[in-house]
Amino acid sequence: MTGRSPARRPYVLLSCATSIDGYIDDASDERLMLSNDADLDRVDEVRASCDAILVGAGTVRRDDPRLLVRCADRRADRVARGLPESPIRVTVTGCGDLDPTARFFTVGDTERIVYCASAALEKTRHRLGDRATVVDAGDPIDLAGALADLADRGVRRLLVEGGALVHGQFLTAGLADELHLVVAPFFVGDRRAPRFVGDGRFPWHSARRAQVVEARQIGDVVLTRYALSERCELA
């Protein structure tokens with residue numbers, strides 16, 4: 001990524017669903033369903049509007065996501081516009097502990113990019129082979145540089161779907177333009193469970209509040225859209 005301007009980056013949209021008390025999962029081995037069918041369809045529409053979807057390596061290991069556009073009509077519309085059926089899949093890893101048989105790497109015919117810490121670069125390239133493009137992202141990982149690299153690859157709009165560590169890194173670094181936060185109508189009440197974000201110095205605080213662009217009920221959940229930069233698309 002040498003020589004690329006870190007100021008150049010895609011439009012970055014963060015998406016997350018939490019419980020009322022701010023948890024994104026519980027402490028069990030089963031995945032906690034926070035959203036509902038109508039909101040999942042909204043997320044699918046957002047995915048279809050993006051050029052790439054990013055999740056952390058922990059999410060790849062824990063949730064084994066496919067990160068594909070589900071709706072056939074939306075896939076067909078993307079193809080008609082000269083795009084692949086689903087956005088590029090992107091992950092970020094510090095240690096390279098990724099399973100090449102995970103659905104992230106094996107399901108769907110779409111490009112996959114792994115931004116990897118320098119120390120784990122050769123290990124990751126050997127482990128993944130031709131299943132992904134593995135990019136040296138520095139040590140520690142330079143998120144701004146990774147975003148500049150994505151921009152150079154033609155990514156104009158990036159959807160970040162988590163997990164907590166990745167969301168926190170984008171937010172504390174001031175690299176997010178918009179946040180979609182969905183709140184489910186129940187509590188988790190278990191401090192062993194992961195929260196939306198952990199401790200950090202965030203650009204938005206009591207003296208500098210984020211702007212609410214939209215608040216909307218979707219079935220039994222509530223979506224709030226926050227503008228996090230002057231680039232936020234207010235419509």
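Being a predicted model, the structure only gives us computed values, none of them experimental.

**Focus on the sheet that holds strand β2 (residues 52-56)**
Right, so step 1: Read from one edge of the open sheet, nine strands run β5-β4-β3-β2-β6-β1-β7-β9-β8, paired in mixed fashion. Of all strands in the sheet, those bounded by a partner on one side alone are β5 (133-136) and β8 (211-218). Between one strand and the next, the sheet's axes are offset by a mean angle of 20 degrees, whatever the strand orientation.
Right, so step 2: Both β2 and strand β6 (residues 157-160) contribute to a ladder of three bridges, which runs parallel.

**Some words on the pairing of strand β9 (residues 221-227)**
Right, so step 1: The element β9 is extensively covered by neighbouring structure, given that five of its seven residues are classed as buried.
Right, so step 2: Pairing between strand β7 (residues 178-183) and β9: six bridges, direction antiparallel. If you follow Leu181 over to β9, its bridge partner there is Thr224.
Right, so step 3: The hairpin formed by β8 and β9 contains two residues between the paired strands, and Gly219 there has a positive phi angle of roughly 60 degrees.

**A word on the nonpolar core**
Right, so step 1: Among the nonpolar cores identified, the biggest contains 31 residues, and Tyr115, Leu158 and Phe170 are the most heavily contacted of them.
Right, so step 2: When residues of this core are traced back to their parent elements, those giving at least two are β1 (11-18), β2, β3 (88-93), β4 (112-116), α6 (143-152), β6, α7 (164-172) and β7.
Right, so step 3: For this core, the leading source of residues is α6, giving five residues.
Right, so step 4: Dropping the residues within four chain positions of it, Phe170 is found in contact with Val12, Leu14, Leu54, Leu143, Leu147, Val160, Leu175 and Ala176.
Right, so step 5: Ile53, Val55, Ala57 and Phe105 belong to the second largest nonpolar core, which has 23 residues in total.

**Description of the pairing of β5**
Right, so step 1: In this structure, β4 lies alongside β5, joined through four bridges in parallel fashion. Among the inter-strand pairings, Ile113 is bridged to a residue of β5, identified as Thr133.
Right, so step 2: Read as a crossover between parallel neighbours, the route from β4 over helix α5 (residues 121-128) to β5 is right-handed.

**Remarks on the confidence of the model for the protein**
Right, so step 1: In this model, the protein carries a mean pLDDT of 95, and residues with pLDDT of at least 70 account for 97%.
Right, so step 2: Across residues 2-6 the pLDDT falls below 50, and counting only partners more than four positions away or on other chains, this stretch makes six contacts in the model.

Here is what the cut-offs are and how they apply
- Residue numbers here run from 1 along each chain, matching the order of that chain's written sequence.
- Two thresholds apply to this predicted model, a pLDDT of at least 70 for residue-level local features and 80 or more for giving and counting side-chain atom pairs, whereas whole-chain, interface and lining totals are computed over all residues.
- As a convention, hydrogens and water are excluded, and side-chain values are obtained from all of the structure's heavy atoms.
- Paired strands, as defined in this entry, are two strands with at least two bridges between them according to DSSP.
- Secondary structure counts use DSSP, requiring at least four H or I residues in a row for a helix and at least two E residues in a row for a strand, with both numbered from the N terminus.
- Geometry is summarised by axes, namely lines fitted to C-alpha atoms with helices restricted to the contacting stretch, and by angles between N-to-C directions that run from 0 to 180 degrees.
- Residue exposure (1.4 Å probe, protein chains only): buried if accessible area is under 20% of the type maximum, exposed if over 50%, otherwise partly exposed.
- By nonpolar core is meant a set of buried Ala, Val, Leu, Ile, Met, Phe, Trp, Tyr and Cys residues that side-chain atoms within 4.5 Å join together.
- It only takes one pair of heavy atoms within 4.5 Å for two residues to be counted as in contact.
- By convention a crossover is right-handed if, when the strands point away from the viewer, the path from the first strand over the helix to the second runs clockwise.
- Scored between 0 and 100, pLDDT is the confidence that the predictor attaches to each residue.

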